Amino acid sequence: METTTKGTPHLAYDVVIVGSGPAGALAAIDLARRGIRVCLVEGATHPRYKACGGGVLARAAQLLPVDLGPAVDHVCHAVELRFPDRNLSFRTQRGGPVLYMTMRSEFDRLLVTEATKCGAVIHEDTQVKGLTIEEDRVVVQTGREQISGRFVVAADGVDSVVARAGDWPANHSAIPALECEVPVAAATHARFFDTARFDMDHPRHGYSWVFPKKEHLSVGVLSTRRGDTGLKDAMQLYLHRLDIEPAGPLELHGALIPVRPRHGALAKDRVLLIGDAAGLADPITAEGITHALLSGKLAARALVEGDLNVAQVADRYCRMLEESVLGELRSAGRLAQFFYGHPHLRSLLFRSHGQRFCEKVTDIMMGERRYVDFDLSVGVLARHLKPW
């Protein structure tokens, strides 16, 4: 429905979702399929580039309501975890894909296209300037119109405009990453075929990765230390160490990954936070797509089952998040504290239990195991870890 207020167009929906990445798009699909009037507000225009390695885990693919195939660039059935400075290397392999390699521009467009097919409306090239929470609705202010909904879902990333406008504190847990799509010769590409490779402790307190795409390599570096400014040098050194000679110019893209949830309830008044806006990335792997998708589904379910009632929706969403996501992230956080914070002790353990650890993490990637069930093999270590 469209009206005009003092010369400014005013569009009204049941739910307004700000951000059309995996979290927002999946929430829109589920809501539209249930007859909810929903729109997506996107600052760019699809297809648009997104700084991301593009690896969709098997556990994430299981959450999708559409065939991922059209967006898949490559598949990896194996994962390698290397500790070059410790002379340790582990490999796991599964009969089916562990990671589906995508370009995020195509993956996101696939989901947005499905959302519009289901009846969702998308407003692209639309910048959100702020929002006003009223008694019976939320009004989203954009550069050219007002868009209101009985609820607003924030899916606009770690630096969420909606979260700021809703008085959530800034998420200071975000860690830096740098990635690039590297064109390479066929012989170089063949060296990394079918395997997602992770090299630990490069940079220190972080890792680097190589993901094979159809005709190039996605290469990245990540630090678990906020404010790390050495990632460009780490990237160049990593390419040199792996003898990856780019066949063309490189374009580096930076990103911040929120590896802890925002403080406080992730739903209040008429606003719900999902995906990176909520801070739901995996603190071990820094992978965010799985919990982005899951939180989008949970938000849609809470809105439908709560019959768009403020108190019911907030209660349902927070309860479902606790049961499905937040407890899992706390367990993963304790493991990450050991993994990145105690490198010497970790190396001692990996010499005897490394393959077992990697098999269990691969099971998690496959959706066959959860962090809450994770055993460090020498459980006494848990007593030495501070609460996360």
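Look up: the structure comes first, before these words.
Each value, and the rule that gives it
Residues numbered from 1 in each chain as written. Predicted model: local features only at pLDDT ≥ 70, side-chain atom pairs only at ≥ 80, totals over all residues. Heavy atoms only, no water. Helix = DSSP H or I, 4+ residues; strand = E, 2+ residues; numbered from the N terminus. Rg over C-alpha atoms; globule rule 2.2 N^0.38 Å. Buried < 20%, exposed > 50% of the residue type's maximum accessible area, 1.4 Å probe, protein only. Contact = heavy atoms within 4.5 Å. Areas by Shrake-Rupley, 256 points an atom, 1.4 Å probe, with all protein chains shown as cover. Lys, Arg positive; Asp, Glu negative; His and termini not counted. Charge placed at Lys NZ, Arg CZ, Asp CG, Glu CD. Pairing = 2+ DSSP bridges.

### Looking at the overall build of the protein chain
- Along its length, the protein chain carries 10 helices and 19 strands.
- Relative to a compact globule of 388 residues, whose C-alpha radius of gyration would be 21 Å, the protein chain shows 21 Å and is just as compact.
- Across its three principal directions, the C-alpha atoms of the protein chain cover 65 × 50 × 40 Å.
- For the protein chain, buried positions account for 58% of its 388 residues.
- If you take every contact in the protein chain between residues at least 6 apart in sequence, the share linking residues at least 24 apart comes to 72%.
- For the protein chain, the accessible surface area stands at approximately 16400 Å², while carbon and sulfur atoms represent 49% of it.
- The positive charge centre, built from 46 side chains, and the negative charge centre, built from 46, are 5 Å apart in the protein chain.

### Notes on the environment of Gly-296
- Position of Gly-296 among the secondary structure elements: in helix α8 (residues 289-305).
- Taking the C-alpha atoms as reference points, Gly-296 and Leu-250, separated by 46 residues in sequence, lie 33 Å from one another.
- With residues near it in sequence (within four places) discarded, Gly-296 still touches Ala-23, Ala-27 and Ile-274.

### A look at the pairing of strand β13 (residues 174-183)
- Most of β13 sits out of view: 9 of its 10 residues are buried.
- Pairing of β13 with strand β17 (residues 253-258) involves 6 bridges; the strand directions are antiparallel. Considered in β17, the bridge of Pro-176 is made with Leu-256.
- Where β13 and strand β16 (residues 216-223) come together, 7 bridges link them in antiparallel fashion. Its bridge partner lying in β16, Ala-177 is registered against Leu-222.

### Here's the deal with the pairing of strand β6 (residues 78-83)
- Along β6, 5 of the 6 residues are buried, which leaves the element largely enclosed by surrounding structure.
- The pairing of β6 with strand β7 (residues 88-93) spans 6 bridges and is classified as antiparallel. Within β7, the position partnered with Arg-82 by the bridge is Ser-89.

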